[in-house]
Amino acid sequence: MPTIDELGETCRPLLEMAGHKDRLPTTFTNGLFEQWLSRLATDQPDYSAATNAENLGVFARASEAITRMLDSAQRQTLLSSPCPPWLTSLVTWFHRLESTVITFNYDNLVEYVVMSEVIEGSDGTERRRVLPIDILRDLPPYPPQPGRLAGPLAKTFELLKLHGSLDWRWSPGDESGATLNRLDLTGKWEHPGLPDADEIARRLPGREPFIVPPTAIKSPYYTNPITRELWNRAAAALDATKVVVLIGYSLPITDLVFTAMLRENVHAEVKGVGRHQSIVVDLRPELVKDNLFKLGYEQVHIAAEFGGENCVSDFVSAYVDDPNRFRE
């Protein structure tokens, strides 16, 4: 999946075709795409009322472009090659440990692993195959429809998608959360199904994708009760855990909401060997560590770090293949 600035460059042709070329920076580097979106998303005091209104329209187009580009990248990933063994191992490991997985990614790759592999869990009455509804704990729910029976969820890991997902839909601005639902994913890895546009229009009329754009200000998306419940669960999981594994998340200090939640629930201010340890898995782990230190962590709180292009697979080899090491 592309980085934020790479995503901006990928969306550029769509925005130019929509007539917004004059509002685009020459290039997106050093996080400029997020800054540019943030300026568009909210009224700015140095702009006129007309310019602010125009910018909001550009922001809506940019959000549409992000969804289209990420959906295309996801489909290409699913079709181009088999599921990486390290990803299957990681998801299976999540299931075995009944982990809480907090993500800001919009893609459905974890869900497709669950759909493609036979992972079994108990729903309290019998053992059955784990489904995406189980790892998402049915949040947001499917839209009501005939033939869908409610039942107990299987015991497995929990996936908290705090910034929405490509398969979620809502009526923009809905603070009640009543219109926030998710679609049925179809197919499996290497053979993903195509969404049925007519079925979506019938089941979720007038809805648009629910993804929280990469902006500095995201509060308009956090007011509905479903999103708030997901964030509450994330905070509770952080407070209860002893180990936080940061995989591919740079922990930017500008992300005030999550960094504050992490600091308040993981108690990084504890000196010496505290009850919480962090494992950093990133292309450039030194940058993540610098941000952890700014939040009050010390080197003693870093249990391990993995860097470079193979950082995730290296982590899987070191910890997933040796679960006792993770419990040390």
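All values reported here derive from a predicted model rather than from experimental measurement.

## Brief notes about the overall build of the chain
Then comes step 1: Scanning the chain from N- to C-terminus turns up 12 helices and 12 strands.
Then comes step 2: Taken against the 2.2 N^0.38 rule, which gives 20 Å for 328 residues, the C-alpha radius of gyration of the chain at 20 Å falls within 12% of a compact globule.
Then comes step 3: Principal-axis analysis of the C-alpha atoms places the extent of the chain at approximately 60 × 50 × 40 Å.
Then comes step 4: Expressed as a percentage of the 328 residues in the chain, the buried residues total 46%.
Then comes step 5: Contacts spanning at least 24 positions in sequence make up 72% of the contacts within the chain whose residues lie at least 6 apart.
Then comes step 6: For the chain, the distance from the average site of its 33 positive side-chain charges to the average site of its 45 negative ones is 3 Å.

## Some points on the sheet that holds strand E9 (residues 208-211)
Then comes step 1: In spatial order, the strands read E6-E5-E9; together these 3 strands make up an open sheet with antiparallel pairing. Of all strands in the sheet, those bounded by a partner on one side alone are strand E6 (181-182) and E9.

## A short note on the environment of Arg 39
Then comes step 1: Mapped onto the elements, Arg 39 comes out in helix H2 (residues 32-41).
Then comes step 2: Relative accessible area serves as the criterion here: at 30%, Arg 39 is assigned to the partly exposed category.
Then comes step 3: In this structure, the C-alpha to C-alpha distance between Arg 39 and Lys 161, residues 122 residues apart in sequence, is 25 Å.
Then comes step 4: Among the polar contacts listed, one links the side chain of Arg 39 to the side chain of Tyr 47, at a separation of 3.1 Å.

## Some points on the layout of surface pockets
Then comes step 1: If you add up the space inside the second largest pocket, you get close to 1300 Å³.
Then comes step 2: Looking at the lining of the second largest pocket, the elements that each hand over two or more residues are helix H3 (49-80), strand E5 (164-170), helix H7 (197-203) and E9.
Then comes step 3: Take the lining of the second largest pocket: its biggest share by element is 11 residues, from H3.
Then comes step 4: Each residue belonging to the lining of the second largest pocket can be placed in one class, and the counts come to 23 nonpolar, 10 polar and 13 charged.

## What about the nonpolar core?
Then comes step 1: Counting 51 residues, the largest nonpolar core has Trp 36, Ile 66, Phe 258 and Leu 262 as the members making the most contacts within it.
Then comes step 2: If one sorts the elements of this core by residue count, H3 sits on top with 7 residues.

## Remarks on the state of the cysteines
Disulfide: a covalent bond formed between the sulfur atoms of two cysteine residues.
Then comes step 1: Under the criterion given, the structure shown has 0 disulfides.
Then comes step 2: Here Cys 311 is not disulfide-linked; the sulfur of Cys 83 is the nearest cysteine sulfur, at 16 Å.
Then comes step 3: Given a relative accessible area of 6%, Cys 311 falls into the buried group.

## A closer look at the pairing of E5
Then comes step 1: Burial runs high along E5: 7 of the 7 residues are buried.
Then comes step 2: Relative to E9, E5 runs antiparallel, the two being bridged by 3 bridges. Paired with Gly 164 across the two strands is Ile 211, which belongs to E9.
Then comes step 3: Sheet topology places E5 next to E6; 2 bridges connect them, and they run antiparallel. Within the sheet, the bridge partner assigned to Arg 169 lies in E6 and is Asn 181.

## Some thoughts on helix H9 (residues 256-266)
Then comes step 1: Inspection of H9 places Phe 258, Thr 259, Ala 260, Met 261, Leu 262, Asn 265 and Val 266 among the buried residues, and these make up the whole buried set.
Then comes step 2: Each element contacted by the buried residues of H9 is listed here: strand E1 (100-103), helix H8 (225-240) and strand E10 (243-247).

## Considerations on the packing of aromatic side chains
Between two aromatic rings, the relevant description is the distance of the centres plus the angle of the planes.
Then comes step 1: Taken as a whole and judged by the stated rule, the model has 18 aromatic pairs.
Then comes step 2: When the centroid spacing of 6.3 Å and the interplanar angle of 40° are considered together, the rings of Phe 104 and Trp 231 count as tilted. Taken together, the positions of Phe 104 in the loop between E1 and helix H5 (109-116) and Trp 231 in helix H8 put the pair 127 residues apart, joining distant regions of the chain.
Then comes step 3: Judged by its relative accessible area of 17%, Phe 104 is buried.
Then comes step 4: Taking the relative accessible area as the measure of exposure, Trp 231 reaches 8% and is therefore buried.
Then comes step 5: Seen from their ring centres, Tyr 249 and Phe 258 are 5.5 Å apart, and the 85° between their planes marks the pair as edge-to-face.
Then comes step 6: Through a chain of ring-to-ring contacts, three or more aromatic side chains come together here, namely Trp 93, Phe 94, Phe 157, Phe 306, Phe 315 and Tyr 319.
Then comes step 7: Taking the ring centre of Tyr 142 as reference, the NZ or CZ of Arg 182 above it sits at 4.1 Å.

## A closer look at H5
Then comes step 1: Burial analysis of H5 places 7 of its 8 residues in the buried class, which makes it a mostly covered element.
Then comes step 2: For H5, the set of buried residues is Leu 109, Val 110, Glu 111, Tyr 112, Val 113, Val 114 and Met 115.

## Side note on the pattern of salt bridges
Then comes step 1: Using the criterion set out here, one finds 15 salt bridges in the structure.
Then comes step 2: Between Arg 202 and Glu 199 there is a salt bridge whose closest N-O contact spans 3.0 Å. Residue Arg 202 and its partner Glu 199 are both found in helix H7; the two are separated by 3 residues, about one turn of the helix.
Then comes step 3: In this structure Arg 202 comes out as exposed when scored by relative accessible area, which is 55%.
Then comes step 4: With relative accessibility at 30%, the residue Glu 199 sits in the partly exposed group.
Then comes step 5: For Lys 289, the salt bridge is made with Glu 305, and the minimal N-O distance between the two is 2.8 Å. Of this pair, Lys 289 sits in helix H10 (residues 285-294) while Glu 305 is found in strand E12 (residues 302-306), placing the two residues 16 residues apart along the sequence.
Then comes step 6: When its relative accessible area of 13% is taken as the criterion, Lys 289 is described as buried.
Then comes step 7: Looking at Glu 305, the relative accessible area reads 36%, which means it is partly exposed.
Then comes step 8: Sharing partners across several salt bridges, the network here consists of Asp 123, Arg 128 and Asp 134.

Reading the values: rules and limits
- Residues numbered from 1 in each chain as written.
- Predicted model: local features only at pLDDT ≥ 70, side-chain atom pairs only at ≥ 80, totals over all residues.
- Heavy atoms only, no water.
- Helix = DSSP H or I, 4+ residues; strand = E, 2+ residues; numbered from the N terminus.
- Rg over C-alpha atoms; globule rule 2.2 N^0.38 Å.
- Buried < 20%, exposed > 50% of the residue type's maximum accessible area, 1.4 Å probe, protein only.
- Contact = heavy atoms within 4.5 Å.
- Lys, Arg positive; Asp, Glu negative; His and termini not counted.
- Charge placed at Lys NZ, Arg CZ, Asp CG, Glu CD.
- Pairing = 2+ DSSP bridges.
- Polar contact = N/O pair within 3.5 Å; in protein donor to acceptor, adjacent residues only side chain to side chain.
- 1 Å grid on protein atoms, 1.4 Å probe; cavity = no way out; pocket = protein on both sides within 12 Å on 5 of 7 lines; lining within 4 Å.
- Points joined across faces, edges and corners; volume = space filled by probe spheres on them.
- Nonpolar A, V, L, I, M, F, W, Y, C, P; charged D, E, K, R; others polar.
- Core = buried A, V, L, I, M, F, W, Y, C linked by side-chain atoms within 4.5 Å.
- Disulfide = S-S within 2.5 Å.
- Phe/Tyr/Trp six-rings, centres within 6.5 Å; stacked < 30°, edge-to-face > 60°.
- Lys NZ or Arg CZ within 6 Å of the ring centre and 35° of its normal.
- Salt bridge = Lys/Arg side-chain N within 4 Å of Asp/Glu carboxyl O.

These figures come from the coordinates and say nothing about function on their own.
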